[in-house]
Amino acid sequence: MSSSKTIRRLEVSSPVPADIDIANAVEPLLISEIAESLGLRPEHYDLYGKYKAKVLLSVLDELKKSEDGYYVVVGGITPTPLGEGKSTTTVGLCQALGAFLDKKVVTCIRQPSQGPTFGIKGGAAGGGYSQVIPMDEFNLHLTGDIHAITAANNLLAAAVDTRIFHEASQSDKALFNRLCPPNKQGQRSFADIMFRRLKKLGISKSNPDDLTPEEVKKFVRLDIDPDSITWRRVMDINDRFLRKITVGQGPEEKGMVRETGFDISVASEIMAVLALTTSLSDMRERLGRMVIGNSKSGEPITADDLGIGGALTVLMKDAIHPTLMQTLEGTPVLVHAGPFANIAHGNSSIVADKIAIKLVGKGGFVITEAGFGADIGTEKFMNIKSRYSGLTPQCAIVVATIRALKMHGGGPEVVAGRPLDHAYLNENVALVEAGCVNLVRHITNTKLYGVNVVVAINKFATDTDAEMNAVRNAALAAGAFDAVVCTHHAHGGKGAVDLGLAVQRACESHSKPLKFLYPLDLSIKEKIEAIAKSYGATGVEYSEQAEKQIEVYIKQGFSDLPICMAKTQYSFSHIPAQKGAPEGFVLPIRDVRASIGAGFIYPLVGTMSTMPGLPTRPCFFDIDIDITSGKVLGLS
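Residues numbered from 1 in each chain as written. Predicted model: local features only at pLDDT ≥ 70, side-chain atom pairs only at ≥ 80, totals over all residues. Heavy atoms only, no water.

Peer 1: Any chance you could explain helix α8 (residues 172–179) here in plain terms?
Peer 2: Burial in α8 covers these residues: Ala174, Leu175 and Phe176. Considering only its buried residues, α8 is in contact with α7 (145–169) and α10 (213–220). (Buried < 20%, exposed > 50% of the residue type's maximum accessible area, 1.4 Å probe, protein only. Helix = DSSP H or I, 4+ residues; strand = E, 2+ residues; numbered from the N terminus. Contact = heavy atoms within 4.5 Å.)

Below is the structure:
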């Protein structure tokens, strides 16, 4: 059961104050108290100040014989640009389970990027009276994981360009002398990491002096094809002017100029590796096998070929441990990883979920959130994350709002920063009923995985009982286990008690095994087509570039990886303006790329921006500091 010492009763106000004002009004508990409520001892975590701690992976070894708790994933319907409150629902549900239903519970969520925080979306700590605190620390540097990813990513980028430079300007002998320099006694030796490349080349010799001239050439020359390089530099802010850059323009680089660019840090493959790894040794192997491009003969070149996999792991050694925080009502939260939900799988880490599911134990609950709508986040949670973790969810939540359903029913366009049309502020049951086709498809698709589906209807002040009943009736008719109206934004955990009870019943009555949408031994195209079918597509069309890349990945031996579809979050189809539940379309695959270290292939459906831009009026206009108290102001 939850420790009564860590439970806090909220005093709620109406109308609901700004998120940062609510967060600043609540004094967080010492994180050592939150840790104690989970049964963690001081040797199980490292403190990062008073309100954050890194939970060490060694906890898993101690708890490996403990029984698992229930495992719940939160997804949503196809969202509006305003978002439908998945993070807020995730936090509110946990507050309900822990603070009101006396259940042991852990929230597992992604760490937000500073790009949206200072850009257009704002933070990701939840909202209203369902938040993670301290909210400012959560949304800013936290414990430095994203900075570690940035450093590791850019070290690898520097290594790629530098290796090309040195190979272009040195003979085989000179390269060999520098890679394996003789010591004072004139003896050479391989660095430990070099044996990985030697093994890949089929060379079993351990003494550098025993290599033949042909073997020396194969060993020292990666012969990277500059046109094949997919590894880009990253930073954790929105900067549209770095989307495309040229490097090598300095006079000392001898004219070795090439085009490249920056992505936002959370789009780095290293972030996806962190989210999908299961241990330090597994992370070391995943980082080492990340592919940065191909040789001119078409062979994949990895981080370990560059001799850098160990150094990357050193930079990531602290980032592998999840960060422990708390909700407004004192329930524990594990914050870890934050991969993009388009070009990556958009879920928090496997290690956080594994630790949490042991800490809550039998009868406890782990609630984790999947990015975007269920067609993206929940699908990837099941087919990628659950496949690698081996954990079986009992319940999946689909978050819905009347606003989004009206949009899917044919309502006017919803635009961030623009006032809502009157159709969204007045009762229109017919519009809601028409939009429920979107909800129904998400329910139907999610049930295919063998989980019980609970619909959480986020209630806004302008929503009516008749509209809520229309959603509930459509959800139950589509096979949802239950559909519940929630007011956790306005009331905290108290507003999600009914949702908590429905989730508890759904988990307790679950008996089916986890089913995947496709087996891994299907071809790349068959797996892509299985996902496209779930969107409502009748077929898939591949560009010439996509066809070429699929053949490359088959040749390189990567065809047994799961698929991570990179598609707009605003429609089941590839066209954001197609709302509801479109059918009969052909899904175009523009290109196919791979994150070999993370362990998936990602087809590009349309154009995906991996470096957002700042709007005319970014969120940073509102962010400042109270110079008297030191409190952050204006975060949302």
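Having seen it, we continue.
Peer 1: Just checking my understanding: could you explain the nonpolar core for this structure?
Peer 2: A general trend in soluble globular proteins is that nonpolar side chains are found buried together. Judged by nonpolar contacts, the single largest core of 85 residues is most densely connected at Leu40, Leu156, Ile224, Met316, Leu324, Leu334 and Phe600. Setting aside residues no more than four positions away along its own chain, leucine 334 makes contact with Val55, Val106, Thr107, Cys108, Ile109, Pro322, Thr323, Leu324, Ala352, Ile355 and Ala356. Residues Ile528, Ile531, Ile589 and Ala594 belong to the second largest nonpolar core, which totals 26 residues. (Core = buried A, V, L, I, M, F, W, Y, C linked by side-chain atoms within 4.5 Å.)

Peer 1: What is the right way to look at the domain arrangement of the chain in this model?
Peer 2: Interfaces are often sized by the accessible area lost when the parts come together. Each assigned domain of the chain is listed here: domain 1 (19–143 + 318–508), domain 2 (146–309) and domain 3 (524–604). Look at where the C-alpha atoms of domain 2 and domain 3 centre, and you get two points 28 Å apart. Taken together, the contact between domain 2 and domain 3 spans 13 residues of the former and ten residues of the latter. Carbon and sulfur atoms supply 54% of the area that domain 2 and domain 3 bury against each other, a total of about 780 Å² over both sides. For the interface between domain 2 and domain 3, the tally reads zero salt bridges. Viewed at the interface, domain 3 and domain 2 are joined by seven residue pairs in polar contact (both at pLDDT 80 or more). When residues of the side of domain 2 that touches domain 3 are traced back to their parent elements, those giving at least two are α11 (269–276) and β11 (291–294). If you tally residues by element for the side of domain 2 that touches domain 3, the top one is α11, at four residues. (Domains from an automatic or database assignment. Buried area = accessible area lost by both parts, 1.4 Å probe. Salt bridge = Lys/Arg side-chain N within 4 Å of Asp/Glu carboxyl O. Polar contact = N/O pair within 3.5 Å; in protein donor to acceptor, adjacent residues only side chain to side chain.)

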